[in-house]
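# A structural walkthrough
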Amino acid sequence: MPALNTDLKAGAAVLIGCPYCGKIVSKVPLEGILEVACLKCGKRREWHEGVFRVTAFTLTEKKARNPEKNLPGKYNLKGIKSNAKFEISFYTMDQIELNKGDIISLSYSKSPKSVLNLTWNGHYKNKPSVLVNNRTRKIHRI
């Protein structure tokens, strides 16, 4: 069995999803963390201007408790990005099909100053809003 290739090639193109409209935006070369703008959401003239942060990694380990009736599932993912270890945990109602070696992209939306003051506070949310599995080409809301 060949060794798992756990490194995204320089300039490798990955699918990314918009956390605002929930659609796959494009396939872009991705290295490390990148700011991307969704053209569709940018035209709406909303406070976030369609801009979001994306990170991609190669999955090396997955621990999952699938969603049950009225309870979200918990996913603990470990991977490699830019030759560094990456780890993330989140809850979601979606059942996500993931396998070792899958290239995953996570999209993070902008964080507003407050619920009533919808202007950007200069930070992105800590929890991703969208996960895209490049093998299955499926997008999942988190």
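Residues numbered from 1 in each chain as written. Predicted model: local features only at pLDDT ≥ 70, side-chain atom pairs only at ≥ 80, totals over all residues. Heavy atoms only, no water.

## Describing the overall build of the protein
Operational definition: Helix numbering and strand numbering both begin at the N terminus, where a helix is a DSSP run of H or I of at least 4 residues and a strand a DSSP run of E of at least 2. Values of the radius of gyration come from C-alpha atoms, whereas the globule rule sets the reference at 2.2 Å times the count of residues to the power 0.38. Only protein chains enter the accessibility calculation, which uses a 1.4 Å probe. A residue is then buried if its area is under 20% of the maximum for its type, exposed if over 50%, and partly exposed in between. Each accessible area value is a Shrake-Rupley result obtained with a 1.4 Å probe; residue values ignore everything except the protein chains displayed when judging cover. Charge convention: Lys and Arg are scored as positive, Asp and Glu as negative, and His as well as the terminal groups of each chain are ignored. In plain terms, the charge of a residue is placed at NZ if it is Lys, CZ if Arg, CG if Asp and CD if Glu.
When helices and strands are counted, the protein shows one helix and eleven strands. Listed N to C, the secondary structure of the protein is β-β-β-α-β-β-β-β-β-β-β-β in terms of helices and strands. Relative to its length of 142 residues, the protein is compact, with a C-alpha radius of gyration of 15 Å against a globular reference of 14 Å. Seen through its principal axes, the protein has C-alpha atoms that stretch 55 × 40 × 25 Å. Counting only residues that meet the buried cut, the protein has 39% of its 142 residues in that class. Entry remark: accessible area of the protein is about 8400 Å², with carbon and sulfur atoms responsible for 51%. With 25 positive and 11 negative side-chain charges, the protein shows a spacing of 4 Å between the two charge centroids.

## Regarding the confidence of the model for the protein
Quick reminder of the rule: Confidence of the prediction at every residue is given by pLDDT, a number between 0 and 100.
This prediction gives the protein a mean pLDDT of 86; 90% of its residues lie at or above 70. Considering each helix and strand of the protein separately, the mean pLDDT is smallest for strand 2 (residues 24-29), with a value of 80, and largest for strand 10 (residues 130-133), with 95.

## Examining the side chain of Asn-133
To keep it simple, the criterion reads: Distance and chemistry together define a polar contact, namely a pair of N or O atoms within 3.5 Å, with one atom able to donate a hydrogen and the other to accept it when in protein, and with adjacent residues in sequence counting only for side-chain atoms on both sides. Throughout, a residue-residue contact means that at least one pair of heavy atoms, one from each residue, lies within 4.5 Å.
Tracing the backbone shows Asn-133 in strand 10. Using a relative accessible area of 0% as the deciding quantity, one classes Asn-133 as buried. A polar atom in the side chain of Asn-133 sits 2.9 Å from the backbone nitrogen of Arg-135. Leave out the neighbours within four places in its chain, and Asn-133 touches Glu-97, Leu-98, Asp-102, Ile-103, Ile-104 and Lys-138.

## Examining the pairing of strand 10
Here is the rule we go by: The criterion for strand pairing is that DSSP finds at least two bridges linking the strands in question.
Neither face of strand 10 is left uncovered, since the one carrying Val-130 and Val-132 and the one carrying Leu-131 and Asn-133 both have all their residues buried. Sheet topology note: the strand 7 (residues 103-108)/strand 10 ladder contains four bridges and is antiparallel. Among the inter-strand pairings, Leu-106 is bridged to a residue of strand 10, identified as Leu-131. Direction of pairing for strand 10 relative to strand 11 (residues 138-141): antiparallel, over a ladder of four bridges. Each bridged residue has a counterpart across the sheet, and for Val-132 the counterpart in strand 11 is Ile-139. With antiparallel pairing between neighbouring strands as the criterion, strand 10 and strand 11 make up a hairpin whose turn holds four residues, including Arg-137 at a positive phi of roughly 60°.

## Considering the packing of aromatic side chains
The geometry of an aromatic ring pair is captured by the separation of the ring centres together with the interplanar angle, meaning the angle of the planes. We apply this condition: Two rings belonging to Phe, Tyr or Trp (six-membered ring only in the last case) form a pair when the distance between their centres is within 6.5 Å. Interplanar angles under 30 degrees mark stacking, angles over 60 mark edge-to-face geometry, and anything in between is tilted. We call a charge positioned over a ring when the NZ of a Lys or the CZ of an Arg lies within 6 Å of the ring centre and within 35 degrees of the ring normal.
Going through the model one piece at a time under the given rule, you end up with four aromatic pairs. Pairing Phe-57 with Phe-86 gives two aromatic rings, centres 4.7 Å apart and planes at 40°, and the pair type is tilted. Residue Phe-57 is found in strand 4 (residues 51-65), and its partner Phe-86 is found in strand 6 (residues 84-92); the two are separated by 29 residues along the sequence. Phe-86 carries the same exposure label as Phe-57, and that label is buried. In this arrangement the basic side chain of Arg-53 is found over the ring face of Tyr-108, its NZ or CZ atom lying 4.3 Å from the centre. Sitting over the face of the ring of Trp-120, Lys-110 holds its NZ or CZ atom 4.2 Å from the ring centroid.

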